[in-house]
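Breakdown of the fold
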Amino acid sequence: MLMSKLWKPLVLLLVLLSIGLSTLNLESPTLYEGSSLWQIGPGQQTTLVFSRKFGDQTFPWDALQLDVPNGWQYSTSLQADTITASLKVGQKAVPGEYVIKATLLTNLGTRMPESKDFKLTVTDKPYVVMIPAEIRAPAGRKTQVEFTIESRSISQDELMFDKISGLPSAWSSETRAVLEPGASQAMTFYITPEQEGLFEVEFRYQSASGDSRARKSIVIVKPTLESTLKGFSQGVVLTPNVLQPFYSLISLLASVLY
């Protein structure tokens, strides 16, 4: 009878002692420089995964609270061995270092909550876009333009590149990419300039999180025989009378080819 009365308090005491040895463990994303996380941009979101386990045992942590700045949002979900928090940075967050306080709670009511601070750096430049400063393309031919995007963010994001500003819309196309946290990705644009010349252009991207930026470049379009012939077929050329038969022949040839 005595053992029966002591059994429940003893079990509870053992549970509390084992919990007392625990530490709040962030499984994902990986930390660096102590308790600092990667950078993240305004409007972006990331997932924080905290462990509920100590050794082979699952702790009775039942809830997670985050102390976040005004304008930030988060939601949590409970798994067998982990508690996950989806954290979204405020769209108007000012660049700088923020301290996020995470607190694990239990429904037992006899265990003090366990808390830990994590540093999160908000940056207004979550991506590095490397586009050639000068692009050379032959007129009338499809040209591949390669560039690279590097993420400095802890968040996954989708980037859409609009048609190139400074060129007729028909000469270029849009492209998009899903960029993983901390990843570097090669991208390809295609342009088909129809006339020779030098064009000052802008490559502009819009991210799903709201970031929008432009990168300037120069496109140098060189003439080709095809573009010259096509030009004659699409317009009137003023020439001296002595050269008129020659250009008439070229125009006739262009009309046949195009």
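Residues numbered from 1 in each chain as written. Predicted model: local features only at pLDDT ≥ 70, side-chain atom pairs only at ≥ 80, totals over all residues. Heavy atoms only, no water.

All right, on to the packing of aromatic side chains then. Summed over all chains, the structure comprises 9 aromatic pairs. With centroids separated by 5.9 Å and ring planes inclined at 65 degrees, the aromatic side chains of Phe50 and Phe118 adopt a geometry described as edge-to-face. Residue Phe50 is found in strand E3 (residues 45-51), and its partner Phe118 is found in strand E10 (residues 114-122); the two are separated by 68 residues along the sequence. Residue Phe118 is classed as buried on the basis of its relative accessible area, which comes to 4%. On the basis of an interplanar angle of 85 degrees and a centroid distance of 5.5 Å, the ring pair of Trp171 and Phe199 is categorised as edge-to-face. Here Trp171 is found in the loop between strand E14 (157-161) and strand E15 (175-179), whereas its partner Phe199 is found in strand E17 (residues 197-207), with 28 residues between them in sequence. Summarising the burial analysis for this pair, Trp171 and Phe199 share the class buried. (Phe/Tyr/Trp six-rings, centres within 6.5 Å; stacked < 30°, edge-to-face > 60°. Helix = DSSP H or I, 4+ residues; strand = E, 2+ residues; numbered from the N terminus. Buried < 20%, exposed > 50% of the residue type's maximum accessible area, 1.4 Å probe, protein only.)

Quick look at empty space enclosed by the protein now. Tallied over the full model, the rule gives 1 cavity of 30 Å³ or more. Roughly 30 Å³ of internal volume is contained in the largest cavity. Looking at side-chain class alone, the lining of the largest cavity contains 8 nonpolar, no polar and no charged residues. (1 Å grid on protein atoms, 1.4 Å probe; cavity = no way out; pocket = protein on both sides within 12 Å on 5 of 7 lines; lining within 4 Å. Points joined across faces, edges and corners; volume = space filled by probe spheres on them. Nonpolar A, V, L, I, M, F, W, Y, C, P; charged D, E, K, R; others polar.)

Looking now at the sheet that holds E14. Strand order in the open sheet made by the 5 strands is E12-E18-E17-E14-E15, with mixed pairing throughout. Looking at the sheet topology across the chains shown, the edges are occupied by strand E12 (134-138) and E15. Put simply, the sheet's adjacent strands are angled 30 degrees from each other on average, direction ignored. (Pairing = 2+ DSSP bridges. Axes fitted to C-alpha atoms, helices over the stretch in contact; angles between N-to-C directions.)

Parts of the prediction with low pLDDT should not have their coordinates interpreted in detail. The predicted model of the protein chain averages 78 in pLDDT, with 71% of residues at 70 or higher. Mean pLDDT per element in the protein chain: helix H1 (residues 2-20) is the minimum at 45, and strand E7 (residues 73-78) is the maximum at 93. For the stretch residues 6-21, pLDDT sits under 50, and the model shows 12 contacts to residues farther than four places along the chain or on other chains. Predicted confidence is poor over residues 236-240, with pLDDT under 50, and the contacts of this stretch with residues over four places away or in other chains come to 3 contacts. (pLDDT = per-residue confidence, 0-100. Contact = heavy atoms within 4.5 Å.)

So, on to the pairing of strand E11 (residues 127-130). Residues Tyr127 and Val129 of E11 are buried on one face, while the alternating residues Val128 and Met130, pointing to the opposite face, are not. Pairing of E11 with strand E13 (residues 143-151) involves 4 bridges; the strand directions are antiparallel. Residue pairing for E13: Met130 is matched across the bridge by Thr148.

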